[in-house]
Amino acid sequence: MAERETAPVTVITGASEGLGLALAREFARAGHGLLLVARGRAALEAAAGGIARDTGVRVEIQVADLASRKGCASVVTALEKHGLHADYLVNNAALGLSGPYAEHEGGEVMRLVDLNVRALSDLTARLLPGMIARDRGGVLNVGSMAGFFPGPYQAAYYASKAYVLSLSEALAQEVAGTNVRVCVVAPGPLATRFHARMGAQRDYYIRFQGLMGVEQVARSARAGLVRGRRVIVPGAINWVSAQFLRVAPHILLVPFAAWLLRRREARRGV
Ligand SMILES: NC(=O)c1ccc[n+]([C@@H]2O[C@H](COP(=O)([O-])OP(=O)(O)OC[C@H]3O[C@@H](n4cnc5c(N)ncnc54)[C@H](OP(=O)(O)O)[C@@H]3O)[C@@H](O)[C@H]2O)c1
């Protein structure tokens, strides 16, 4: 029996706002059809409608909580339902957690690991084999400069991004010699609601590094993916910092990171 024809799309997680939305616009401008994934239906529908209107590409949505196994499985079901296959996968959805690790409540850390580590790994495992079989497409993982060093007071988040960096570089090597690309984009702090969500909007690291716009990061990320780059650090200063962070002695770097990342309210005893 002939295999059913499916149309290629770029699957983007966390695409209803922030960097995910900017990445969705960037891929759509390059002519990619999209499957956008997030939990909030209204924001997803608004994002999809706007992108389809502005670019003319086909945009489908999937409402899913990717911190659950069921949520990840539902992405594959949605592709099948719409007659699509994942040409590219952009693993963007992630959450942060700020404050002393020992003070995080019950399931908070596991929820972070489920979204930032397990969902990214699960979706890649589900969709990369098809890309390799078709010998085209690729995976763009959204890491962070946080992946280059340990981050006290955002310990689980920094560790999750170290995993993303390591997995991405390793998979990029595994697919070398094929037409499939795996790369990781590692931005510095961005102007999104991400920091406010974890109550870190007043912390020193934001003032120290400044906030970059998501459009610039999305442009660099897609361009780097197309060029076959493995690790993309948008912005010249951030790129230089990343080279330093990769080799700096942790005995000096980790206490400095702790000073940058410590919750300011806690310091003032508020
Ligand atoms: N912001 C920064 O400074 C910064 C710096 C470096 C790297 N990054 C990375 O960039 C990526 C995007 O960050 P951002 O700042 O754009 O984040 P954001 O503004 O907080 O947006 C997060 C997106 O992920 C979705 N999402 C959250 N939890 C989800 C879940 N359980 N299942 C499915 N979707 C979920 C959100 O929609 P719903 O809430 O509706 O689900 C939203 O679309 C992340 O990987 C982050 O680690 C961010």
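Look up: the structure comes first, before these words.
Per chain, the residues get numbers from 1 upward, laid out in the order the sequence is written. It should be noted that, the model being predicted, local features are given only for residues of pLDDT at least 70 and side-chain atom pairs only at 80 or more, the latter also being counted only at that level, while totals for whole chains, interfaces and linings use all residues. With hydrogens and water excluded, all non-hydrogen atoms of the structure serve as input to the side-chain values.

1. Here's the deal with the environment of V231
- When you line up the elements, V231 lands in strand β7 (residues 231-232).
- Here the term buried applies to any residue with accessible area under 20% of the maximum for its type, exposed to any over 50%, and partly exposed to those in between, with areas from a 1.4 Å probe on protein chains only. Relative accessible area serves as the criterion here: at 19%, V231 is assigned to the buried category.
- The spatial distance from the C-alpha of V231 to the C-alpha of E169 is 7.4 Å, given a sequence separation of 62 residues.
- Excluding residues within four positions of it along the chain, V231 makes contact with F148, L165, E169, V184 and R246. Runs of H or I in DSSP of at least four residues are treated as helices and runs of E of at least two as strands, each being numbered from the N terminus. Pairs of residues are marked as contacts when any of their non-hydrogen atoms sit within 4.5 Å.

2. Side note on unusual backbone geometry
- Look at D135: it is not a glycine, yet its phi comes out positive at around 55°.
- With respect to the helices and strands, D135 occurs in the loop between α4 (108-134) and β5 (138-142).
- Classification of D135 as partly exposed rests on a relative accessible area of 34%.

3. Some words on the pairing of strand β4 (residues 84-91)
- Across the eight residues of β4, eight count as buried, placing the element largely inside the fold.
- Here a strand pair is declared whenever DSSP counts at least two bridges between the two strands. As paired strands, strand β1 (residues 7-13) and β4 are joined by six bridges and run parallel to one another. Pairing of P8 across the sheet is with H85, part of β4.
- Judged from the four bridges that link them, β4 and β5 form a sheet pairing that is parallel. Residue pairing in the sheet places N91 in a bridge with N141 of β5.
- Seen with the strands pointing away from the viewer, any crossover whose path from the first strand over the helix to the second strand runs clockwise is right-handed. Traced from β4 through α4 to β5, the parallel crossover comes out right-handed.

4. Describing the site of the ligand
- What makes a residue near a molecule or strand is one non-hydrogen atom of that residue sitting within 4 Å of it. Near the ligand there are 32 residues, and of these N92, Y157, L190, T192 and H195 occur at the shortest range.
- What qualifies as a polar contact is a pair of N or O atoms within 3.5 Å, subject to a donor-acceptor requirement within protein and to the restriction that residues adjacent in sequence count only when both atoms come from side chains. The backbone of L19 places a nitrogen or oxygen atom 2.8 Å from an oxygen atom of the ligand.
- Between the ligand and the protein, one listed contact pairs an oxygen atom with a side-chain N or O atom of R39 at 2.8 Å.
- All accessible-area figures derive from a Shrake-Rupley calculation using a 1.4 Å probe, and residue coverage is judged against the displayed protein chains alone. Relative to its free-state accessible area of 890 Å², the ligand is covered by the protein chains to the extent of 95%.
- For the shell around the ligand, the secondary-structure elements that each account for two or more residues are α1 (18-29), α4, α5 (155-174) and α6 (194-197).
- Top contributing element to the shell around the ligand by residue count: α6, with three residues.
- Think of it as three bins: nonpolar holds Ala, Val, Leu, Ile, Met, Phe, Trp, Tyr, Cys and Pro, charged holds Asp, Glu, Lys and Arg, and polar takes everything else, Gly as well. When grouped by side-chain class, the residues that make up the shell around the ligand number 15 nonpolar, 10 polar and seven charged.

5. Considerations on the sheet that holds β4
- If you trace the seven strands from one edge of the open sheet to the other, you get β3-β2-β1-β4-β5-β6-β7, paired in parallel fashion. The open sheet has two edge strands, β3 (59-63) and β7, and neither has a second partner.
- Axis definition: a line fitted to C-alpha atoms, limited for helices to the stretch in contact. Angles are taken between N-to-C directions and run from 0 to 180 degrees. Packed on one face of the sheet, α4 meets β1, β4, β5 and β6 (181-185) and runs near 130° to β4.
- Each of β5, β6 and β7 touches α5; the most contacted strand, β6, lies at about 155° to it.

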